[in-house]
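Here are the chains, one letter per residue:
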Amino acid sequence: TGGIMRPVLHRIMQARVNALGIPVRLGLTVDALGEDADGVDVRFSDGSDGRYDVVVGADGIASRVRALAFPDAVEPAETGQACWRLSTKRPEGFDRNEFFLGHQNAAGLNACGPDTIYLWMLTRHEPGAWLSEAEAHGRLRRELADFGGTMAWVRDNMTDEDWINYRPLAAMIQPDPWTTGRIVLLGDAAHATTPHLASGAGMAVEDALVLGDELEVAGRPVADSLRAYSARRYSRCRHVVETSVAVGKLQLEGGSAEQVGKLIGEGLHALAAEY
Ligand SMILES: Cc1cc2nc3c(=O)[nH]c(=O)nc-3n(C[C@H](O)[C@H](O)[C@H](O)COP(=O)(O)OP(=O)(O)OC[C@H]3O[C@@H](n4cnc5c(N)ncnc54)[C@H](O)[C@@H]3O)c2cc1C
């Protein structure tokens, strides 16, 4: 398998959205939502407003739509780990992804194109700890100090110009249904996961497919379609969130590579089921 970097995926999706002639407005957010049986009134941050049949809150882990429309929503909780990510040049002969589960910092390398690879590593995160961009590359090199093989090559050949990110992990799942009637949540807004099963974006894409499916069912009230979408998605997304959080907890507790690998394997295997 390979990975795809976010800007590449964005370009593919943008091209499709533009080809379909879907209007896109950038640089604004939603300030107020007012819902009744026939539609949703939306006030935007540039002062404009509009009325819509359905509002989909696909605005990520800190969703504003969720905050406005779901006052009892579950807040994301930090899990005690952080993820390092680095995009760097691909070593010669790198022809398969690599995972290191036996080290106290689980880590891996994924091909992301002919010339680039993506490194990820999980470390313990102290609440409130802050890392400036200037110190990130040096810290990552130190965290990789006792790795060998390809990881050591990356450590020794990465540059301070390589894209790097350090992010404390947080997770949550909203209770079913993820809808108030005509407002609905999708992706991380409804179920934010840690990357242990590398499935958060996959779940968001699946959500969109299932939502489209359910809205296409003819002769059914919109609210029923949105509830049907949520019911179809809930267990699968909960499985991803709960298994991912469980893997992270096991790593923090010093679980063996075999235990961690087994939990990840079982978690991924379950995702082969129809959705
Ligand atoms: C460290 C890390 C590693 C990960 N690795 C993987 C992986 O390997 N594989 C995988 O499948 N998933 C991975 N994930 C999860 C994945 O990134 C998310 O599940 C996925 O991005 C969710 O997509 P989304 O569209 O729901 O939300 P997002 O990708 O967060 O997109 C939300 C969008 O809403 C916009 N937005 C936010 N707030 C507002 C607002 N107030 N108004 C208007 N717009 C707003 C944002 O600009 C953004 O464009 C990882 C996550 C983390 C944290």
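Thresholds, definitions, all that
Throughout, a residue's number is its position along its own chain's written sequence, starting from 1. Predicted model: local features are reported for residues with pLDDT of at least 70 only, side-chain atom pairs are reported and counted for 80 or more only, and whole-chain, interface and lining totals are derived from all residues. Note that water and hydrogens are dropped before the side-chain values are worked out from all heavy atoms of the structure. Numbering goes from the N terminus for both helices and strands, where a helix is a DSSP run of H or I of at least four residues and a strand is a run of E of at least two. The term nonpolar core refers to a set of buried residues drawn from Ala, Val, Leu, Ile, Met, Phe, Trp, Tyr and Cys, joined through side-chain atoms within 4.5 Å. Between buried and exposed lies partly exposed: a residue is buried under 20% and exposed over 50% of the maximum accessible area for its type, with that area taken using a 1.4 Å probe on protein chains only. In this description, one arc is meant: the one made by directions from the helix axis to the C-beta atoms. The contact definition used throughout considers only heavy atoms, calling two residues in contact when any of these lie within 4.5 Å.

J.: Account for unusual backbone geometry, with residues named and values stated.
T.: The step from Asp176 to Pro177 runs through a cis peptide bond, and the omega angle for that step is 5 degrees. Along the polypeptide, Pro177 turns up in the loop between strand 9 (163-173) and strand 10 (183-185). Although it is not a glycine, Ala198 sits at a positive phi angle of roughly 50 degrees. Counting through the fold element by element, Ala198 comes out in the loop between strand 11 (191-192) and helix 5 (200-215).

J.: Break down the nonpolar core for me, with residues and values.
T.: Counting residues in hydrophobic clusters, the biggest one holds 28 residues, and the most contacted among them are Trp178, Ile183, Leu185 and Tyr229. When contributions to this core are tallied by element, the ones reaching two or more residues are strand 2 (39-44), helix 2 (64-69), strand 9, strand 10, helix 5 and helix 6 (222-252).

J.: An account of helix 3 (residues 133-143) is requested, with residue identities and associated values reported.
T.: Every α-helix winds through 3.6 residues per turn, so residues three or four apart in the chain are directed the same way. Inspection of helix 3 places Ala136, His137 and Leu140 among the buried residues, and these make up the whole buried set. Down the axis of helix 3, the sector holding all buried residues measures 90 degrees, keeping them to one side. Among the exposed residues of helix 3, those pointing more than 90 degrees away from its buried face are Ala134 and Arg142. The secondary structure elements touched by the buried residues of helix 3 are strand 5 (77-89), strand 8 (116-124) and strand 9.

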